[in-house]
Amino acid sequence: MPRTETPGRPDEIRRGMQFAFAAFSLVAAALLWSYDETAYPAIKTAGMSGHLLASALVAGAALAAARRTLIAFHLLFLPVQFLFLFAGGLEEVAGMVFSAVIVGRMRPRFPHLKRLSRRVWLTLHVGVSVGWLGLALAMTTLAITGATADDHAVRHGSYELMHVFDLTIVIPSVVLAVITGLVVSLGTPWGLVKHWWVLAKFVISLVIPVIATVQSGWIEELQHRTADPAADPGGTGLVLVLCMLLYAALLWTAVVLSVFKPGGKTRWGRRERSQRPRRGPVRADRGGTPESTVSATP
């Protein structure tokens, strides 16, 4: 029999939000079906099927009070919805934000990674993120070259390379960076919403996919346009340069946040720390100071 939900408890599943997300997934599937023209029909089909499956799974898990299943689903569905962006529209962005809000409201508690696992996941996250930053700088250079080059071969070649990079390297890098970042944050004491710098990085990871989707369309447009030697990138080329500069700036901001860790704890982090039990007085014959207390927080 499902456990009764008590308002304010950390193990609540937020049934109302879950059912709202199930309804939203049905609407998103219908919107995907309504798009007549798409450059990625396979992603469109996968998006429709994925949203229909998500609607059934979320509704069923909410009725069964399967809290862990719901948390795992929303965390995994975040990067999946980013892929659906390439066949859909702003509904996928709304879905990513919706999933993130639901997970935050459910206040999940994750077991900490063991030392070796933490190092492996951290290595993967740092490696993928550094590669992602390098790709962003390379794409920015290509965008500037395509917008300013006088030679047709150089101009068209720049956008051709950007298109190849975008599909084969950038998209997988975004997905892997988000997934490894979630594992590292949730599997360590840092958490996802306990510290301002981690929360800011998470917001950046939600904003960048939106930029990536928009700039992918511009890259493809310029790739086809500049196939004509007489064609000029025009205003789209300049906008793409500005977009790539913003893209790179956000990634550099994430690097600065990771190094300096500004902002301290959020109210959720402070609340969790205040709710943790403290050990009793340490006896003097055990090497402690009489009446001293030791925090349970490592």
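Above this text sits the structure in question.
Predicted model only: the values in this text are computed from it and were never measured.

(A) Expanded view of the packing of aromatic side chains. By the definition in use, this model includes nine aromatic pairs. Summarising the aromatic geometry, the rings of Phe 21 and Phe 24 are spaced 5.9 Å apart at their centres and angled 40 degrees between planes, so their arrangement reads as tilted. Taken together, the positions of Phe 21 and Phe 24, both in helix 1 (residues 15-34) and three residues apart, correspond to about one turn of that helix. Of the residues examined, Phe 21 reaches a relative accessible area of 0% and is grouped as buried. Judged by its relative accessible area of 17%, Phe 24 is buried. Where Phe 77 meets Phe 84, the ring centres are 6.2 Å apart and the plane angle is 75 degrees; that geometry is what we call edge-to-face. In terms of burial, Phe 77 and Phe 84 fall into one category: buried. The side chain of Lys 261 reaches across the aromatic face of Trp 197, ending 5.0 Å from its centre.

(B) Molecular detail of the environment of Val 259. Among the structural elements, Val 259 can be located in helix 8 (residues 234-260). Note on Val 259: relative accessible area 58%, which makes it exposed. Between the C-alpha atoms of Val 259 and Trp 197, which are 62 residues apart in sequence, the distance is 9.7 Å.

(C) Local environment of empty space enclosed by the protein. The full count for this structure, using the stated rule, is four cavities of 30 Å³ or more. Around the second largest cavity, the lining residues are Leu 78, Pro 79, Phe 82, Met 96, Val 174, Val 178, Phe 202, Ser 205, Leu 206 and Pro 209. Put simply, the parts of the chain that give the lining of the second largest cavity at least two residues each are helix 3 (67-84), helix 6 (152-186) and helix 7 (196-225). A total of four residues in the lining of the second largest cavity trace back to one element, the largest contributor, which is helix 7. Of the residues belonging to the lining of the second largest cavity, the class tally is nine nonpolar, one polar and no charged.

(D) Seen up close, the nonpolar core. Core analysis: the largest hydrophobic core is formed by 62 residues, its most contacted members being Phe 82, Met 162, Leu 240 and Tyr 247. Among the secondary structure elements, those contributing two or more residues to this core are helix 1, helix 2 (41-63), helix 3, helix 4 (90-106), helix 5 (115-148), helix 6, helix 7 and helix 8.

(E) Seen up close, helix 1. Helix length check: helix 1, at 20 residues, gives a terminal C-alpha distance of 29 Å against a target of 28 Å (1.5 Å per residue), a fit within 8%. Of the residues making up helix 1, those classed as buried are Gln 18, Phe 21, Ala 22, Phe 24, Ser 25, Ala 28, Ala 29 and Leu 32. Looking straight down helix 1, one finds its buried side chains confined to an arc of 165 degrees; they lie on one side. In this structure, the buried residues of helix 1 make contact with helix 2, helix 3 and helix 4.

(F) A nonpolar patch on the surface, seen in detail. A contiguous nonpolar patch, built from Leu 137, Trp 252, Val 255, Val 256, Val 259 and Phe 260 and spanning about 580 Å² of accessible area, is present on the exposed surface. Of all the elements, helix 8 adds the most residues to the nonpolar patch, at five residues. Mapped onto the elements of the fold, Phe 260 is located in helix 8. Judged by relative accessible area, Phe 260 falls into the exposed class, the value being 62%.

(G) Layout of the packing of helix 3 against helix 6. Where helix 3 meets helix 6, the closest approach of the two axes is 10 Å, and the angle between their N-to-C directions is 165 degrees. With respect to helix 6, the element helix 3 is oriented roughly antiparallel. Regarding helix 3 and helix 6, the two cross each other, and that crossing is right-handed. The segment helix 3 lies against helix 6, with Leu 75, Leu 78, Pro 79, Phe 82 and Leu 83 engaging Ile 171, Val 174, Val 175, Ile 179, Leu 182 and Leu 186.

(H) Broad picture of the pattern of salt bridges. Summed over the entire model, instances satisfying the criterion amount to one salt bridge. Between Glu 221 and Arg 225 there is a salt bridge whose closest N-O contact spans 2.5 Å. With Glu 221 and Arg 225 both in helix 7, this residue pair falls four residues apart, about one helical turn. The partly exposed category is assigned to Glu 221, whose relative accessible area is 35%.

Rules behind the numbers
Residues numbered from 1 in each chain as written. Predicted model: local features only at pLDDT ≥ 70, side-chain atom pairs only at ≥ 80, totals over all residues. Heavy atoms only, no water. Phe/Tyr/Trp six-rings, centres within 6.5 Å; stacked < 30°, edge-to-face > 60°. Helix = DSSP H or I, 4+ residues; strand = E, 2+ residues; numbered from the N terminus. Buried < 20%, exposed > 50% of the residue type's maximum accessible area, 1.4 Å probe, protein only. Lys NZ or Arg CZ within 6 Å of the ring centre and 35° of its normal. 1 Å grid on protein atoms, 1.4 Å probe; cavity = no way out; pocket = protein on both sides within 12 Å on 5 of 7 lines; lining within 4 Å. Points joined across faces, edges and corners; volume = space filled by probe spheres on them. Nonpolar A, V, L, I, M, F, W, Y, C, P; charged D, E, K, R; others polar. Core = buried A, V, L, I, M, F, W, Y, C linked by side-chain atoms within 4.5 Å. Expected span 1.5 Å × (residues − 1). Arc of directions from axis to C-beta. Contact = heavy atoms within 4.5 Å. Patch = residues over 30% accessible without salt bridge, like charges linked within 9 Å, V, L, I, M, F, W, Y side chains within 5 Å. Areas by Shrake-Rupley, 256 points an atom, 1.4 Å probe, with all protein chains shown as cover. Salt bridge = Lys/Arg side-chain N within 4 Å of Asp/Glu carboxyl O. Axes fitted to C-alpha atoms, helices over the stretch in contact; angles between N-to-C directions. Parallel < 35°, antiparallel > 145°, perpendicular 65-115°, else oblique. Left-handed = near helix turned anticlockwise from the far one by under 90°.

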